Amino acid sequence: MSDIPLDIYSQPSDDVPFNLDGSTLAEENAPFNSSIAAGLAINVTPSAEFSVLSVDEAVSKLKTNGTSGISSMEEVERRRELHGTNEVTSEDGEDNGKFGLLKRFLSGFIEDRLILLLIGSAVLSAILHNVGDAISITVAIVIVMLVGFIQEYKSEKSIEALNKLVPATCHLVRFGRESHVLAATLVPGDIVAFRVGDRIPADLRVIESVDLSLDESSLTGEPDPVHKSSDSVLANPTGIIPISERHCIAFMGTLVKEGHGRGLVVATGKETAFGSIFEMMSAVDKPKTPLQTAMDHLGKELSLFSFVVIGTICLIGIWQGRSWLDMFQISVSLAVAAIPEGLPIIVTVTLALGVLRMAKRKAIVRRLPSVETLGSVNVICTDKTGTLTANHMAVSKIWCLSSMSTKENVLNVGSTTDLRNYLAGDVRKTLEIGSLCNNATFSVDHSKFLGNPTDISILEELSKFGMEDERDKYTRIKEIPFNSKRKFMAVRLKCENSDDKESQLICVKGAFEVILGRSNTYLTEDGKIDKLTEKNKETIIECANQLASDGLRVLAFASSPYHSKTDFTDISEDDINDLTFSGLIGMRDPPRPTVKPAVEKLLQGGVHIIMITGDSPNTAVSIAKQIGIPVINEETSVLTGDKMKTMTNEQLANVISHVNIFARATPEDKLNIVQALKKRGDVVAMTGDGVNDAPALKLADIGISMGIIGTDVAKEASDMILTDDDFSTILTAVEEGKGIFNNIQNFLTFQLSTSIAALSMIALATALNLPNPLNAMQILWINILMDGPPAQSLGVEPVDHEVMKKPPRSRSERILTIAVLGRILGTAICIILGTVFIYVKEMSTDGEKSARDTTMTFTCFVFFDMFNALACRHATKSIFKIGVFSNSMFNLSVGLSLIAQLCVIYVPVLQHVFKTERLGAFDLLLLFCLSSTVFIVDELRKFIVNQYLTNYVEEENRYTTTV
Ligand SMILES: Nc1ncnc2c1ncn2[C@@H]1O[C@H](COP(=O)(O)OP(=O)(O)OP(=O)(O)O)[C@@H](O)[C@H]1O
Ligand SMILES: [Ca+2]
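Conventions we followed
- For every chain, the first residue of the written sequence is number 1, and numbering continues from 1 along that sequence.
- Chains carry letters and ligands carry numbers; both start at the beginning, A for chains and 1 for ligands, and go up in the order they are written.
- Only residues with pLDDT of 70 or above have their local features reported here, since the model is predicted, and side-chain atom pairs are shown and tallied only from 80 upward, although totals for entire chains, interfaces and linings are computed over all residues.
- Side-chain calculation: all heavy atoms of the structure are included, whereas hydrogens and water are not.
- The helix count covers DSSP runs of H or I at least four residues long, the strand count covers runs of E at least two residues long, and both are numbered beginning at the N terminus.
- Each residue is placed in one exposure class: buried if its accessible area under a 1.4 Å probe, protein chains only, is under 20% of its type's maximum, exposed if it is over 50%, and partly exposed if it falls in between.
- Any two residues having at least one pair of non-hydrogen atoms within 4.5 Å are treated as being in contact.
- Surface exposure here means Shrake-Rupley accessible area, sampled with a 1.4 Å probe, where a residue is shielded only by the protein chains that are shown.
- Near, as used in this document, describes a residue that has one of its heavy atoms within 4 Å of the molecule or strand being considered.
- We call two N or O atoms a polar contact when they sit within 3.5 Å, provided that within protein one can donate a hydrogen and the other can accept it, with sequence-adjacent residues counted only if both atoms are side-chain atoms.
- Residues were grouped as follows: Ala, Val, Leu, Ile, Met, Phe, Trp, Tyr, Cys and Pro as nonpolar; Asp, Glu, Lys and Arg as charged; and all remaining residues, including Gly, as polar.
- Any residue with relative accessible area above 30% and no salt bridge may belong to a patch, with like charges joined within 9 Å and the nonpolar Val, Leu, Ile, Met, Phe, Trp and Tyr side chains within 5 Å.
- Only one rule defines a salt bridge in this text: a Lys or Arg side-chain nitrogen within 4 Å of an Asp or Glu carboxyl oxygen.
- To pair, rings of Phe, Tyr and Trp, with the six-membered ring standing in for Trp, must have centres within 6.5 Å; the planes then decide the type, stacked if under 30 degrees apart, edge-to-face if over 60, and tilted in the middle.
- In this scheme, Lys NZ or Arg CZ marks a charge over a ring once it lies within 6 Å of the ring centre and within 35 degrees of the ring normal.
- Any pair of cysteine sulfurs within 2.5 Å is marked as a disulfide.
- Whether two strands pair depends on DSSP finding at least two bridges between them.
- Orientation is described by axes fitted as lines to C-alpha atoms, over the contacting stretch for helices, and by angles from 0 to 180 degrees between their N-to-C directions.
- UniProt positions are given in the numbering used here, feature names are shortened, and annotations may be inferred rather than shown by experiment.
- Cavities and pockets were defined on a 1 Å grid built from protein atoms only: a cavity is a group of points that admits a 1.4 Å probe but offers it no way out, a pocket is an open group of points flanked by protein on both sides within 12 Å along at least five of seven lines, and a lining residue is one with an atom within 4 Å of any such point.
- Grid points are joined across faces, edges and corners, and a volume is the space filled by probe spheres set on the points.
- Put simply, buried Ala, Val, Leu, Ile, Met, Phe, Trp, Tyr and Cys residues joined by side-chain atoms within 4.5 Å make one nonpolar core.
- Note that the domain bounds were set by an automatic or database domain assignment.
- Of all possible arcs, the one meant is that of the directions from the helix axis to the C-beta atoms.

Chemist: Any details on the overall build of the protein? Residues and values, ideally.
Modeler: Scanning the protein from N- to C-terminus turns up 37 helices and 26 strands. Counting only residues that meet the buried cut, the protein has 54% of its 963 residues in that class. Nonlocal contacts in the protein, meaning residues at least 24 apart in sequence, comprise 72% of its contacts between residues at least 6 apart. For the protein, the accessible surface area stands at approximately 41600 Å², while carbon and sulfur atoms represent 59% of it.

Chemist: Tell me about the site of ligand 1, and please be specific about residues and values.
Modeler: Of all residues adjacent to ligand 1, which total 21 residues, the nearest are Lys 384, Thr 385, Arg 553, Thr 613 and Asp 615. The side chain of Ser 484 places a nitrogen or oxygen atom 3.1 Å from an oxygen atom of ligand 1. Taking Gly 614, its main chain carries an N or O atom lying 3.4 Å from an oxygen atom of ligand 1. Relative to its unbound accessible area of 630 Å², ligand 1 is 92% covered by the protein chains. Elements supplying a minimum of two residues to the shell around ligand 1: α18 (453-462), β16 (505-511) and β19 (552-561). Per-class residue counts for the shell around ligand 1 are six nonpolar, seven polar and eight charged.

Chemist: Summarise a nonpolar patch on the surface; cite the residues concerned and give the values.
Modeler: Among the surface-exposed residues, Leu 116, Ile 119, Val 123, Ile 127, Leu 128, Ile 318 and Trp 324 lie close enough to one another that they form a single nonpolar patch of about 650 Å² accessible area. You can see Val 123 is positioned in helix α8 (residues 113-127). Taking the relative accessible area as the measure of exposure, Val 123 reaches 44% and is therefore partly exposed.

Chemist: So, the packing of aromatic side chains: which residues are in play, and what are the values?
Modeler: Taken as a whole, this structure holds seven aromatic pairs when the rule is applied. Between the aromatic rings of Phe 858 and Phe 914, the centroid separation amounts to 6.2 Å while the plane-to-plane angle is 15°, which identifies the pairing as stacked. Of this pair, Phe 858 sits in helix α33 (residues 851-871) while Phe 914 sits in helix α36 (residues 908-914); the two residues are 56 residues apart in sequence, bridging distant segments of the chain. As far as the burial class goes, Phe 858 and Phe 914 line up, both buried. Aromatic pair Phe 863 and Phe 928: ring centres 6.4 Å apart, planes at 85°, arrangement edge-to-face. With Phe 863 in helix α33 and Phe 928 in helix α37 (residues 921-962), the pair connects residues that are 65 residues apart, well separated along the chain. Taken together, the ring pairs in this structure connect Phe 863, Phe 867, Phe 880, Phe 928 and Phe 935 into an aromatic cluster. One Lys or Arg, Arg 809, reaches over the ring of Phe 741 and ends 3.6 Å from the middle of that ring. Directly above the aromatic system of Phe 890 lies the positively charged group of Arg 873, at a separation of 5.5 Å from the ring centroid.

Chemist: Tell me what's going on with the state of the cysteines, and back it up with residues and numbers.
Modeler: This model, assessed by the stated rule, comprises zero disulfides. Unpaired in this structure, Cys 400 has its nearest cysteine sulfur neighbour in Cys 543, at a distance of 9.5 Å. Note on Cys 400: relative accessible area 0%, which makes it buried.

Chemist: Describe in detail the sheet that holds strand β24 (residues 684-688), supporting the description with residues and values.
Modeler: Taking strand neighbours across the sheet as the criterion, the eight strands line up as β8-β26-β25-β24-β9-β21-β23-β22 in an open arrangement whose pairing is mixed. Here the strands that pair on one side only, and so sit at the sheet edges, are β8 (363-365) and β22 (638-640). With direction set aside, neighbouring strand axes in the sheet form an average angle of 20°. Along the sheet, helix α22 (residues 617-627) makes contact with β21 (608-612), β22 and β23 (661-663), crossing β23 at roughly 150°. Helix-sheet contacts for helix α26 (residues 667-679) involve β9 (379-383), β21, β23 and β24, and the interaxial angle to β24 is about 170°.

Chemist: Requested: an account of the UniProt feature "transmembrane region" (unreviewed entry) in the protein, with residues and values cited.
Modeler: Under the feature "transmembrane region" (unreviewed entry), the UniProt entry names residues 134-150, 302-320, 332-356, 815-840, 855-872, 884-907 and 919-937. For residues 884-907, helix accounts for 79% and strand for 0%, while the C-alpha atoms at its two ends are 30 Å apart. Span residues 919-937 is 89% helix and 0% strand, its end C-alpha atoms 26 Å apart.

Chemist: I'd love a proper account of the pattern of salt bridges, names of residues and values included.
Modeler: One pass over the structure, following the stated rule, counts 47 salt bridges. In this structure, the salt-bridge partner of Asp 418 is Arg 420, at a minimum N-O distance of 3.3 Å. Two residues, Arg 553 and Asp 615, come together in a salt bridge whose shortest N-O distance is 3.3 Å. Placement of the pair is Arg 553 in strand β19 and Asp 615 in the loop between β21 and α22, with a sequence separation of 62 residues. Of the two residues, Arg 553 and Asp 615, neither departs from the other in class, the shared state being buried. One network of salt bridges, with partners in common, ties together Arg 357, Arg 361, Lys 601, Glu 735 and Glu 736.

Chemist: Help me get a handle on empty space enclosed by the protein, residues and values and all.
Modeler: Counted by the stated rule, this structure contains four cavities of 30 Å³ or more. Only α12 (290-319) and α29 (728-767) provide two or more residues apiece to the lining of the largest cavity. Taken together, the residues that form the lining of the largest cavity break down as six nonpolar, two polar and no charged.

Chemist: Which residues make up the nonpolar core, and what are the values?
Modeler: Among the nonpolar cores identified, the biggest contains 123 residues, and Ile 661 and Phe 727 are the most heavily contacted of them. If you tally residues by element for this core, the top one is α29, at 16 residues. Split by domain, the residues of this core number at least three in each of domain 2 (288-362 + 733-962) and domain 3 (376-389 + 592-725). When near neighbours in sequence (up to four residues on either side) are disregarded, Phe 727 contacts Ile 380, Thr 382, Thr 387, Leu 388, Val 595, Ala 598, Val 599, Leu 602 and Ile 609. Listed in part, the 59 residues of the second largest apolar core include Val 395, Ile 433, Leu 462 and Val 508.

Chemist: Account for the environment of Glu 573, naming residues and giving values.
Modeler: Relative to the helices and strands, Glu 573 is located in the loop between β19 and β20 (579-588). By relative accessible area, which is 33% here, Glu 573 ends up partly exposed. Apart from the residues lying within four places of it in its own chain, the contact partners of Glu 573 are Ile 480, Arg 486, Phe 488 and Arg 518. At 2.9 Å, the side chain of Glu 573 and the side chain of Arg 486 are in polar contact.

Chemist: If you had to explain helix α5 (residues 73-83) to someone new, which residues and values would you point to?
Modeler: Where α5 is concerned, the buried positions are Val 76, Arg 79 and Arg 80. Across the axial projection of α5, the buried residues extend over an arc of 105°, all falling on one side. The outward face of α5, more than 90 degrees from its buried face, is lined by the exposed residues Glu 74, Glu 81 and Leu 82. Looking at the buried positions of α5, the neighbouring elements they touch are β1 (169-174). Residue Gly 84 follows α5 closely and has a positive phi angle near 85°.

Chemist: How would you summarise the side chain of Thr 859 if you had to cite specific residues and measurements?
Modeler: Among the structural elements, Thr 859 can be located in helix α33. Apart from the residues within four sequence positions on either side, Thr 859 is in contact with Gln 901, Ile 905, Leu 919, Leu 924 and Leu 927.

Chemist: Can you break down α18 residue by residue, with the values?
Modeler: Counting buried positions along α18 gives eight out of ten residues, so the element sits mostly inside the fold. Here α18 has its buried residues at Thr 454, Asp 455, Ile 456, Ser 457, Ile 458, Leu 459, Glu 461 and Leu 462. Turning to α18, the residues buried within the fold contact β10 (394-399), α17 (425-436), β13 (448-450), β16, β19 and β20. The backbone nitrogen of Thr 454 has a side-chain oxygen 2.8 Å away, supplied by the residue at the start of α18, namely Asn 452.

Chemist: How would you explain the pairing of strand β4 (residues 203-215) if you had to name every residue and give the values?
Modeler: Here β4 pairs with strand β7 (residues 255-267) via ten bridges, running antiparallel. Bridge pairing in β7 links Leu 214 to Val 256. Note that β4 and strand β6 (residues 249-250) share two bridges and pair antiparallel. Looking at the pairing, Arg 205 lines up with Ile 249 of β6. Pairing between β4 and strand β5 (residues 226-227): two bridges, direction antiparallel. Opposite Leu 214, over in β5, you have Val 226 as the bridge partner.

As structure tokens, this is what we get:
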């Protein structure tokens, strides 16, 4: 399986094996026997086969209905039986069956050279009639292998679980009804509707299309969007139409870049073009995360180092005339122990478990490496609406030029329920335009309005004025939809009971600057039209700004009769001119309650927060103040989209460090912002939801998309998805990212200190010509503790929320910092001193190495190690502060390890295997007290570091606030 979850779509194209003609190699082997291909004696995929059929032929071939879809559930079930569910799973997934397990277990034996050496030493022992040793070593091998295997298995399972975090969905038409379902439920013959931003859920024969173009780069590597239509492709004499020429097929996994349409499902799951490539791709090794690579690297370095040391020990031992079999066994076990072969696996498991934990906290990380990057993020660029705010709009104020005339005279609607008395002519018209230029609908099923919150809030207001939805009285001829670049929405309407073209009407609503720019008259209180003077405009802008400063989103409303005589069905942006302004509406969208504390914590952790919004500067500043984003100077902290366009990238990079708000910005501006920030060397997280946000999301170090309002295109381009769209979830993710990194450092400290202690002890004993303090079995046992459960449980240490008090980690910072190395060495020295002390003390009683001596030494080392693990739970905080019982997996695994150690000392069979002897209660007490020193010394170190650190953090804060 892959190291990187959910990254199947962003595979670099050179991983995909293609023929030169653009059809895939895999495709010709795909398991689909078509009737056309039967004559040609080769297999053709459904997408190739259906591309040459007309829509009607395709529909009838699949025995379905082009408008209402499949008609019965039995038929759906039958097709699912036949074609399977619409999922592409890798071969590996099935490999995890009974045989896969066994196969992997056995192949582990063969691949691991150290294990082979161990087996060799067991065989040698047997030949030399040392049966006891041979059995012991064999048992040890099995245990070592089992622990390794279980860990690896767990790591794969958790990565598999990651892959299932974001199930694909689609709009299905079946039994004549439209519904939103999981893409996995599709069967051939289903009808699917799709629009801009969607991902195609299966191979579809396009049956309807409006300006449709798809991004097929995930499939073909071709970066430019491809135009698609419902026209069939001309059959070609060779029988196979290359993928790039199937213009009426929408392939699974490709993205809708423009337009919308409907398609007929012709292939699902493995039968799709993507499915057949995926099977091949999953065989290719996925690139590792930087941390994993670093771990592999570290592992290799350590192996080399320990080989040299072990080789030296072995040579000296033999030179001293020790039994060469003994030396061989000790060396091999030492090698097994000293080499942290579990390291990369524990890193992977820790990352994967961390990602699963984040998913529970509403942040889905799509690529493992992002977890590491999260801890270094020092700038977060965020949308306002829906992310910082709740996206629950409610009309708060209405203002019209004629009936209210000055900005002091605003109609406050939020508090009142009956406003019929306030319905002056211009107020009525404003609301009327609001209801006509509106796309929200009332759902009887849900008994509420569905659609854009801005639109909904206007409809919700009508009843207070005793008005009704005006849309029934008109036919909508054409719409210019709202988008963040255009910043207005317009509709062209025809009155129901009139054929007269003259009675056509254009209604517009949008950002007040834009609407005013296109207006030249205004509507008076009594319904007349008057010229809009410069003075009038000033008054309107003044009032709009006042509403905005109150944190309201301000929309202006205007209309005009339709003039163009030439075209009866169309309107373009150029027709939206000479409008009659009727009024302003201010809507309140309260900040999410969780945002303010999150902003505070992020600022404390040295993260710069930038709000990017399409709203006006005044609205943005007001919201920023409400949630605690610092706006020190409104001149320099706020930059509008217009101003930004006049700046060069250099200039932008220079000023961006004090900008906290980008207002009236378009999605395209986001790309320049990320570029400018990255130029400064910042590690940038950027949020986005629309199709246009995709480039910025890709470029950002962490692209964050919205789970609820986000499009598939944005999700695909992002590294992380917020399932609740909530800004504070970003804090959670950054916290987890930092926490995971700390955990990795902690178990590394534990593993390396143990490993160094064991190596040095044996080296020391050999150099001093003393008998070996630990035998091969004992060393292998220590290896299991060190590479196994206790180490792993350090990786799931709960996140300490105070990580946010520390500044972001620098991108280039090494995992083994000086501080970590210092801890490792200090701990190792402490363990060595203690254990050697016990060993020498026991030996000096008789000068002979007895079972008691090794048992004492061995147990001493294990106790030391358990206390060491306890100390490693946190780098700087006392265990009593983080809570002795706060990591139950840790307590469980250390508890079990200690019980197992007691078994090794007291159970006769194990005594035989490990060459141990029972110890008295006093002995145990002594060892316990002695070994606790490693913990006590570390607690002391933490105490001192904390004293120093508080000063340091204060210094640091002083530094960041003055800069
Ligand atoms: N549905 C709509 N119809 C007409 N005009 C709208 C609509 N929604 C917003 N506007 C106007 O366009 C302006 C910008 O809206 P846009 O959606 O780009 O900003 P935003 O929602 O604040 O963006 P972001 O989510 O990035 O913070 C708003 O201030 C408002 O005046
Ligand atoms: Ca090891």
